[in-house]
Amino acid sequence: MWVVPSLTTATQLAEKHKLVCFIFVYFIPYAAVLSECLRHGQEILFTLCSAHHVSDVFLEERAIARHEVREIEQRHTADGPRQDVTLDEEDDVVIIYNRVPKTASTSFTNIAYDLCAKNRYHVLHINTTKNNPVMSLQDQVRFVKNVTSWKEMKPGFYHGHVSYLDFAKFGVKKKPIYINVIRDPIERLVSYYYFLRFGDDYRPGLRRRKQGDKKTFDECVAAGGSDCAPEKLWLQIPFFCGHSSECWNVGSRWALEQAKYNLINEYFLVGVTEELEDFIMLLEAALPRFFRGATELYRTGI
């Protein structure tokens, strides 16, 4: 197990061990800095974190955010001078796949992992405390800074269950490319209902929150259960709406319109689970730097 104290050390380890693919896991407060070898030794998991308290007061959040940006800069300076990395325009690209749960997102992300060595880009996982899709203000600032300034990890493919974040609001001129996949809301809810009870093939040994509950989805509906309540159909909207609390207000007309606006204006491509192959084909044609060979891989698994 590797212990990675800084971005600079992480990069040096990567170069030393000839690693091509990476996972970047972003924890909010009070996490340890950990790393572990993954995927047959081809990747390292880098975990960056902060031990600062997350305030509920907006002004305090903003002050903490500014403080933490300075702290990050000071920590990088303390690590020693970093070599200036010059990127070609083709390589100065970041894709963010803010994946909606139970939309075949794991299947699609695995394609990115399988292609990263061949197509020479980095895969980075965004993981927040308790899988919360909404970041506090200071964490948004820190995340935007890390994504845009970490040249060693470009071209980069970031994925995680996080809501859309407008990088332009933080003064970023070259915004990342957003992509996503959506699914029929009822089909997605049914899939998630059984996932909570039986898990999936990727981590079969992991105990799920509702493991042991044998009630079918239809029985849940008949009994008026919370896991199958109509409000659960709203989940996909906030992932496109953003980080405003109103996005999670079920039935909000503003949230729906904001989600539609972002989807049309801020996303490069959004596919549907039921036509995932078409989505992959379009990505391969439009972004071959990342997805060259994706269609054949999806069809054959090879």
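Our structure is the block above this text.
Residues numbered from 1 in each chain as written. Predicted model: local features only at pLDDT ≥ 70, side-chain atom pairs only at ≥ 80, totals over all residues. Heavy atoms only, no water.

## A few points about the pairing of strand β6 (residues 156-159)
Every second residue of β6 is oriented toward a common face, with G156 and Y158 on one face and F157 and H159 on the other, all of them buried. As paired elements, strand β4 (residues 94-97) and β6 share four bridges and run parallel to each other. By the bridge assignment, I96 is partnered in β6 with Y158. Where strand β5 (residues 122-125) and β6 come together, four bridges link them in parallel fashion. Each residue of the ladder has a partner; that of V123, found in β6, is F157. You can see the chain leave β5, run along helix α4 (residues 137-149) and come back into β6, and the turn it takes is right-handed. (Buried < 20%, exposed > 50% of the residue type's maximum accessible area, 1.4 Å probe, protein only. Helix = DSSP H or I, 4+ residues; strand = E, 2+ residues; numbered from the N terminus. Pairing = 2+ DSSP bridges. Right-handed = clockwise from strand over helix to strand, strands pointing away.)

## Observations regarding the side chain of Q236
Considering the arrangement of structural elements, one finds Q236 in helix α7 (residues 236-241). Q236 sits in the buried class, given a relative accessible area of 8%. A polar side-chain atom of Q236 sits 2.9 Å from the main-chain carbonyl oxygen of R183. (Polar contact = N/O pair within 3.5 Å; in protein donor to acceptor, adjacent residues only side chain to side chain.)

## Some details on unusual backbone geometry
In this chain, K154 is followed by P155 through a cis amide linkage whose omega measures -5°. Here P155 is to be found in the loop between α4 and β6. The phi torsion at K130 lies on the positive side, around 55°, for a residue other than glycine. Inspection of the secondary structure assignment puts K130 in the loop between β5 and α4. A residue is classified by how much of its surface remains accessible, and K130, at 82% relative accessible area, is exposed.

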